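Each chain, letter by letter, is given below.
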Amino acid sequence: MNPVLQAFVTSANHAFTHEDGATLGKLFVFTPSTVSELSRRISASDDFDQYTSYITDPVHAQTTHVYLTYVRDSQFVSAETGHGQLCRLAELLTVALTAANNGWLVQVVRAVALALCVQAQWAFASTGDAAVYTQTATRLLQLLIVALGDTGPEHASKKRVAVAVAGLLLRVSLRTSAAPGAYAGKALEARSLLDSSSVARRDKVSFMYWLGRYYLVCYNIDAARIQLDRAFSMCPAWHYHNKRIILRYLFVANMICGRLPSHELLEKYDMEGVYYQLVACFRAGDLAGFQNVLVDHMDMFRKQGNFLVLLERTKMLIYRTALRRISLVDRGEERANVVQYRDVLTAFRVSAQNPDMDVFEMEGILASLISQKLVLAFLFHHQKLVNLSRKTPFPVISQIGKVKPR
Amino acid sequence: MNTDRPAAEEERLKALRRERFNNTEGERRYQQLVAQRAQRRQQLMSQSNVHKGTLSEAAKIVGTCTLMCPEFEREERQLKNNIAQPEMFPGTRQADPARTVKTFHRSAAGNEEPLPEDLRTPETLQRTLDHLVNVVIAADQELRSCHGFVRDRTRSIRQDFTIQNIRDSTTVAVCERIARFHIVSLHILCGNKDFAEHQDMEQLRNTLKTLIELYDDHRKARVVCANEAEFYAYYIVSHLRDPDAKRVAERLPRHIFTAPIVQQALKLHMLSESSTAPRRDTGTGWAAQNLGVQFFRTVAAPATPLLLACLAEYYFPSIRRSALRSMCDAFPYQEGKEYPVTDFAEMLAFDSVDE
């Protein structure tokens, strides 16, 4: 037998037999360089199938066999076939994980789950078939159910891998054609493990990031902001690239909650120029400008899945800004908290670049702002004026509670 | 016997009873068909892979019926006096084979699998839909009496396509026409006390869901469906206040996403979102637009096609309620200076002050 293969087989055999999770974690690391090197050497041998005879547990034997097949053939099979192999491997790992004393398998589970997600992306890029994501989500869900069901001691519990798998499940669920909630229900149970010290920080950050993105897709903006903010804060500073990715979505959630980033923050993370333009238009109350910038960069925001949520949920806030700016204009001897309809209508027309807007439309916008407590005021149709609250007509948006459904 | 009826009426009822219960020829034919079906089923079971364990080994069932209604069903329904009026010879209660249409059969665990003779070919299904539109609906354009009949028969058409797993351009064309029928029904029968609009909306949503899956399949096979943008627009509007519709839209190919009809549908969707509408997940209505006036003006705009406006009409009461709630918050009560009802009617696109 090939000496490299012999050494690999011996190590794996020893690791499985003696439940050495650390060794297995190193053996099953899916870094591209490891895979290609192993694949190159093992492909020279035809005898590694006999490795299964060294393993007494048939499930472990099958698991290792499938993994080794994947390693050997990964350079020679299509992305789709590779994905199929990893799905099979995930199924076998699920079975292995249900055994009582197999908490040490968590490192392997994490590596396989991550490889499965990456392979699904390659398979989709190759075939265009979104079913690969559905298959991936199903396997991850099965793994998660087993992991969350463990009641063992924390240091050896299978729950240690639940947060990582839940994060990956949320990631894949956003790509399936089914509603994300179809898979997210189980993933949300992993939230209870976020304070556990036995869960790796990187897994917590990934989970919070994908949970934030899930909430954003569901238009649950405040919940999205909280998760993305936590992910951003917890992500180490030297993970510049990851922080930048999180910031893209945090920008959207914060903007819809009325928080705008500073120039320094955008510069620090070298954010694209479009973000500066959006902030400028938002601050100026320029709705038409904001929407034009968004449309000009439609492809970029659509790829992130943020185009429609930004287009929809900033409109009222920008009208609010326009109303606030007109209310600050000195109108001579009139009471400061009273704004005439004609002034508001002019401001809204300029903001939206819509000269055809009439009083009814304006009243509709104002009524919507007032009912959502974004503006504290009353409207007087006959007197044609807006009577703003004397104290805080424009409460801080981040302080405004959720509107209670009637 | 009721002796109060006139003699002529009594004779007529007797003749009808005779026709119904002494239909020995019909009964014989029906029993013959039952026996033939049992034999046929046995034959097929022994020949085919109908009950193989895995999906990949199971044979696809291919329909062979070229009539709008399979003969067995027609005879069975005739015997059970279950023929609808559009299917009868005029002036009689006899089923006209050229006008009888297969009904929808609910799937149930105890039901036997359909035979190939029970399933219509794609060409027959298309011809059946032509008959329903060009003959049945044409004779009752107000849809007052034929709507239930056509809804049931179109559901049966879709069922036949599904059972045979036919997912080609014929299915797309048929499903598109059925979807348009449901949209028109929602508009024409709106306000009719005998019309259960939520049932029609449910069938429309099912049809649109099927169409979306078909479009995905065709796109993967690089086949262009000419009306894809139109029906994605209907999908978006039929799911107003459902954020998932926007998620689906965001993932559309660029050329469909930027199609004017899809953009108009998205505009309506965004304008309809309300923070005060009842919803399952609290917190998803934050900064919603809730712009009722703009919504109705967008519906009336020339850029909104007729069918899209008809579909949006389903949500008018809900949009008006949300707009009224926000107006109640914004306008304090002033005695003698109430909000003019004529202005209110104009804002929310009521046909009249009375409405």
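What counts, and at which threshold
Residues numbered from 1 in each chain as written. Chains lettered and ligands numbered in written order. Predicted model: local features only at pLDDT ≥ 70, side-chain atom pairs only at ≥ 80, totals over all residues. Heavy atoms only, no water. Helix = DSSP H or I, 4+ residues; strand = E, 2+ residues; numbered from the N terminus. Rg over C-alpha atoms; globule rule 2.2 N^0.38 Å. Contact = heavy atoms within 4.5 Å. Areas by Shrake-Rupley, 256 points an atom, 1.4 Å probe, with all protein chains shown as cover. Lys, Arg positive; Asp, Glu negative; His and termini not counted. Charge placed at Lys NZ, Arg CZ, Asp CG, Glu CD. Buried < 20%, exposed > 50% of the residue type's maximum accessible area, 1.4 Å probe, protein only. Buried area = accessible area lost by both parts, 1.4 Å probe. Salt bridge = Lys/Arg side-chain N within 4 Å of Asp/Glu carboxyl O. Polar contact = N/O pair within 3.5 Å; in protein donor to acceptor, adjacent residues only side chain to side chain. Nonpolar A, V, L, I, M, F, W, Y, C, P; charged D, E, K, R; others polar. Core = buried A, V, L, I, M, F, W, Y, C linked by side-chain atoms within 4.5 Å. Phe/Tyr/Trp six-rings, centres within 6.5 Å; stacked < 30°, edge-to-face > 60°. Axes fitted to C-alpha atoms, helices over the stretch in contact; angles between N-to-C directions. Parallel < 35°, antiparallel > 145°, perpendicular 65-115°, else oblique.

## Some points on the overall build of chain B
A tally of regular secondary structure across chain B gives 15 helices and zero strands. Relative to the globule expectation of 20 Å for 355 residues, the C-alpha radius of gyration of chain B, 26 Å, shows a markedly less compact shape. Along the three orthogonal principal directions, the C-alpha set of chain B runs to about 80 × 65 × 35 Å. Of all intrachain contacts in chain B linking residues separated by at least 6 positions in sequence, the fraction that spans at least 24 positions is 69%. When the accessible surface of chain B is split by element, carbon and sulfur atoms take 52% of a total near 18,500 Å². Taking the 49 positively charged and 49 negatively charged side chains of chain B as two groups, their mean positions are separated by 3 Å.

## Here we look at the overall build of chain A
A count of helical and extended segments in chain A gives 20 helices and three strands. Looking at the 406 residues of chain A, the share that counts as buried comes to 55%. Long-range contacts, defined here as pairs at least 24 residues apart, represent 62% of the contacts in chain A between residues at least 6 apart. Just so you have it, chain A exposes about 17,600 Å², and 53% of that area is on carbon and sulfur atoms.

## Description of the interface of chain A and chain B
Taken together, the contact pairs 57 residues of chain A with 47 residues of chain B. Interface area for chain A against chain B, summed over the two sides, is near 4,700 Å², with a carbon-plus-sulfur share of 56%. Counting the contacts that link chain A with chain B gives six salt bridges. Where chain A touches chain B, the interface holds 25 residue pairs in polar contact (both at pLDDT 80 or more). Listing elements by their share of the side of chain A that touches chain B, those giving two or more residues are α16 (298-304), α17 (307-313), α18 (315-328), α20 (359-371) and β2 (377-380) of chain A. Looking at the side of chain A that touches chain B residue by residue, the class counts come to 31 nonpolar, 14 polar and 12 charged.

## Focus: the side chain of R74 of chain B
Take R74 of chain B: it is sitting in helix α3 (residues 71-79). Sequence-distant contacts of R74 of chain B, defined by excluding residues within four places in its chain, comprise L67, C69, I83, A95, P97 and T100 of chain B.

## Observations regarding the nonpolar core
Ranked by size, the top nonpolar core spans 202 residues in total, and within it L278 and F348 of chain A together with V262 and F295 of chain B carry the most contacts. A per-element tally of this core places helix α6 (residues 106-127) of chain A first, with 10 residues. Not counting residues within four places of it along the chain, the set of residues in contact with V262 of chain B comprises A229, Y232, A233, I236, L252, I256 and F257 of chain B.

## Let's talk about the packing of aromatic side chains
Residues and elements named next belong to chain A. Considering all chains together, one arrives at 20 aromatic pairs over all chains under this definition. Considering the side-chain rings of F124 and Y133, the 5.2 Å spacing of their centres and the 45° angle between planes classify their relative orientation as tilted. The exposure class assigned to F124 is partly exposed, which follows from its relative accessible area of 29%. Relative to Y249, the ring of Y209 lies with its centre 5.9 Å away and its plane at 75°, an arrangement referred to as edge-to-face. Placement of the pair is Y209 in helix α10 (residues 201-217) and Y249 in helix α12 (residues 240-256), with a sequence separation of 40 residues. For Y209, a relative accessible area of 10% gives the class buried. Connected via pairs of aromatic rings, a cluster forms that spans Y209, W210 and Y249.

## A closer look at the environment of R40 of chain B
Within the element layout of this structure, R40 of chain B appears in helix α2 (residues 24-47). Once residues within four sequence positions are removed from consideration, R40 of chain B is found in contact with L115, P116 and E117 of chain B.

## Re the side chain of S351 of chain A
All names here are of chain A. For S351, the location among the structural elements is in helix α19 (residues 341-352). Looking at S351, its side chain comes within polar contact range of the main-chain oxygen of G285, at 2.7 Å. Setting aside anything within four residues of it in sequence, one finds S351 in contact with G285, D286, L287, A288, I318, Y319 and A322.

## Quick word on the packing of α19 of chain A against α20 of chain A
Residue and element names in this part refer to chain A. For the pair α19 and α20, interaxial distance at closest approach is 10 Å and the crossing angle is 85°. Judged by the inter-axis angle, α19 sits roughly perpendicular to α20. Seen from α19, the contacting residues are Y341, V344, L345 and F348; seen from α20, they are V359, M362, E363, I365 and L366. Along the lines of polarity and charge, the residues of the contact of α19 with α20 split into eight nonpolar, no polar and one charged.

## Thoughts on α3 of chain B
Residue and element names in this part refer to chain B. Those residues of α3 lying buried are F72, E73, R74, E75, R77 and Q78. Looking at the buried residues of α3, the elements they touch are α2 and α5 (147-163). Immediately beyond the C-terminal end of α3, within one or two residues, lies N81, with a positive phi of roughly 55°.

## Examining the pattern of salt bridges
With the rule as written, the count across this model stands at 39 salt bridges over all chains. Each of E73, R77, E87, D152 and R153 of chain B takes part in a single network of salt bridges with overlapping partners.

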